[in-house]
Amino acid sequence: MSTSRNRLDEEASPYLRQHADNPVNWQPWDDDALNAARERDAPIFLSIGYSACHWCHVMADESFESGEVAERLNDDFVPIKVDREERPDLDRLYQTVCGMVTGRGGWPLSVWLTPDGRPFYVGTYFPRESKRGQPGFLDLIENIADSWENEREDIESRADQWADAMAGELEDTPETPGEIEDGILETAAQRAVSNADREYGGFGRGQKFPQTGRLHLLMQAHERTGREVFGEVAREALDAMGEGGLRDHAGGGFHRYVTDREWTVPHFEKMLYDNAELTRAYLAGYRLTGEQRYAEIARETLGFVERELRHPDGGFFSTLDAQSEDASGEREEGAFYVWTPEGIHDTVDDEFAAELFCERYGVTETGNFEGGKTVLTLSGDVEELADEHETTTEEIEAELERAREAVFAARAERPRPLRDEKILAGWNGLMISAFAEAGLALDTTYGETAVAALGFIREQLWNDDEKRLARRYKDGEVKIDGYLEDYAFLARGALNCYETTGEVAHLEFALDLGRAIVTEFFDSEEGTLYFTPQSGESLVARPQELDDQSTPSSTGVAVDTLLALSHFAPGEEFEAVAETVLETHAESIEASPLRRASLALAADRHTAGSLEFTVVADDLPTEWRERIGRAYLPHRLLAHRPPTEGDLNEWLDRLSLDETPPIWADRTWQDDEPTAYVCRSFTCSPPQTDVEEALSWVGRLAPGDTESE
């Protein structure tokens, strides 16, 4: 296969197409490119990034647009460009070796490989010319090409060592399984408190990420133990993210992370997965505390997603870029989002409202960002503003909202950040869960949005005959076998849609996905779930994903979802697989429960038991849906059951179940009224026809209690 031209114009990925006009003869990762490397006996230069990545754009401008750099890359290497959002397996492999060798990672990821895929040099961003101790990219590729020609034996030896280390890090499992102790939730929460920034909120002292898994650990531990500090740390983080620059105060939604301890200046890209997981965190905060501001942030975030990341037929797009054009026509990070006092006063026609907006959102002449611009943050208190201006809080809020609407409308006229319109199964699964939970907690229309997205993914990416899931849809093209995160995140989303709507079709899909997880990703000899399917492409190593990173651990979500699904299919392997994985990784979960927050949450579901909330009814009454939906019920399973045996038998046939599972068995309605059965660990309430009485049983069936019917 010739590599004499750039082939990225044949790809659907927006990130790859951004590089289709580079003079570098970029190849996609495919058999043709890999075979060409073997035939030429040439090293591979692998560049991994994504469309919203700021430093990816910088390196492209500096190096990949350069004819001189391109000539050297084309002559001495097979250059391959990968979208990490399409191929998280490759990203996981080579990020691992980057972390092992350099102590850091990130994007763009730059890796030099032997023709068979073993890495021998790795880094992230390289400037074109050497500066501040960093080697220049042009010098680097010249040196690597020379070493390949003259020091091949050393390179092969290093590649062997690194490949072995990667396999050990990613594939190996402990020889002896362990056992998860009952106190994992409290242990994890205590460590989260120790790692918390009690002054500014969140975790750590430098740049800050959302860390939603830690928030769920803290909130659940607070509900379980009553320890105030757990709730305080969770609320401090929620408040800091909601008030700072991570949140887009004019248009809703959250940016990727902030670059400072004070939560002021974000990295401006907006990712679907962050907005999904943050919505779920704020819904949990609302349910736990009753604070309406958390519900409003969730509504605002979902509104942003519906407005700017939703495909007309129901699925969700992936990202918005960090960069857009500024007033001079140059692409700058954050240009779409930042303001000056002059810009606010030009936009808001009422002087008083403009001044209030600047006070409330911290817009000053000096600014808090580059060039005297301001990232909007909440810096004033409405009550203080009302006192200062001798008016009511209601009037202040009304003026601020009018000003915000004007700012939002004016911003819409600016050049917009580019949108990556890939639709990824796993990321959609995360957002489907968020909308489904909001359908219970806030408004049923959110549940309708979740169902529409699930239907889109099922229609476009699910092969019902083969029970297999593809990862990516773009402009009618379906590509790439699904990874564990695609199956696990989507299975949870489908289960949440069943809980929200009571429609058995969604439970059916969740069970099909769960069965595929067991078949394709579980290795019984190693006792673990792998990230890549058994029938997928063979790589240098087969990775596991145990740690929470920018998305939750796919292993953790898979285990948690399999435990939930086991209540509907107890005769299948779901619970046994989940238990095996937890036992395999018990020691590492207990040693690092914050790194492995999703697995710690799954372990807690296993030890504490799911909270079964079975409701027998034709339809869940509005009052019941609202009360159950607003309640904070960790590890909840809201299981609708039809009241007649005939309808139930039809459900069992659809679900391929030979017998009625305990979550539905012998659960009948009383006096033809909606009836609830609340259970945990085989201990149940009597049938309840009053939703408040049913909810009162939740506390009586807390983990460790033994009261039975």
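The structure displayed is predicted, hence computed values, not measured ones. (Residues numbered from 1 in each chain as written. Predicted model: local features only at pLDDT ≥ 70, side-chain atom pairs only at ≥ 80, totals over all residues. Heavy atoms only, no water.)

**A look at the layout of surface pockets**
In plain terms, the rule: Two kinds of site are reported from a 1 Å grid over the protein atoms alone, namely cavities, where a 1.4 Å probe fits but cannot get out, and pockets, open sets with protein on both sides within 12 Å along at least five of seven lines, and residues are called lining when an atom falls within 4 Å of a point. Grid points are joined across faces, edges and corners, and a volume is the space filled by probe spheres set on the points. Strands are runs of DSSP state E lasting at least 2 residues, helices are runs of H or I lasting at least 4, and numbering of each runs from the N terminus. Each residue gets one of three labels, nonpolar for Ala, Val, Leu, Ile, Met, Phe, Trp, Tyr, Cys and Pro, charged for Asp, Glu, Lys and Arg, and polar for the others, Gly among them.
The calculated volume of the second largest pocket comes to roughly 760 Å³. What lines the second largest pocket is a set of 28 residues, among which Arg-247, Glu-300, Arg-360, Tyr-361 and Leu-378 lie closest to the centre. Put simply, the parts of the chain that give the lining of the second largest pocket at least two residues each are α10 (228-243), α12 (292-308), α14 (351-361), α15 (382-388) and α16 (393-411). The dominant element in the lining of the second largest pocket, judged by the number of residues it contributes, is α12, at seven residues. Here the residues of the lining of the second largest pocket sort into ten nonpolar, four polar and 14 charged.

**Here's the deal with the packing of helix α20 (residues 504-521) against helix α21 (residues 554-565)**
For clarity, the threshold we go by: Under this scheme, a helix contributes an axis fitted over its contacting stretch, all axes are lines through C-alpha atoms, and angles between N-to-C directions fall in the 0 to 180 degree range. Any angle that falls under 35 degrees is termed roughly parallel, while one over 145 is termed roughly antiparallel, one within 65 to 115 roughly perpendicular, and all others oblique. Crossings are sorted by hand: turned counterclockwise from the far helix by less than a right angle, the near helix makes the crossing left-handed, and turned clockwise it makes it right-handed. Contact definition: two residues touch when any of their heavy atoms are within 4.5 Å.
Interaxial distance between α20 and α21 falls to 10 Å at its minimum, and their mutual angle equals 125°. On the basis of their axis angle, the class for α20 and α21 is oblique. In this structure, α20 meets α21 at a crossing whose hand is left-handed. For the pair formed by α20 and α21, the contact residues are Leu-507, Ala-510, Leu-511, Gly-514, Ile-517 and Val-518 on the first element and Ala-558, Leu-562 and Leu-565 on the second. For the contact of α20 with α21, a count of residues per class yields eight nonpolar, one polar and no charged.

**Thoughts on the sheet that holds strand β2 (residues 78-83)**
This is how it is decided: In short, DSSP must find at least two bridges between two strands for them to pair.
Spatially, the four strands line up as an open sheet ordered β2-β1-β3-β4, and their pairing is mixed. With one partner strand each, in any of the chains shown, β2 and β4 (119-123) form the two edges of the open sheet. Across the sheet, the mean angle separating the axes of adjacent strands is 20° when strand polarity is ignored. With five bridges connecting them, strand β1 (residues 44-49) and strand β3 (residues 109-113) associate as antiparallel partners.

**As for empty space enclosed by the protein**
This structure, assessed with the given rule, holds one cavity of 30 Å³ or more. Here the largest cavity defines a volume of roughly 60 Å³. Around the largest cavity, the lining residues are Gly-245, Arg-247, Asp-248, His-249, Ala-250, His-255, Phe-268, Tyr-337, Val-375, Leu-376 and Arg-411. Split by residue class, the lining of the largest cavity holds five nonpolar, three polar and three charged.

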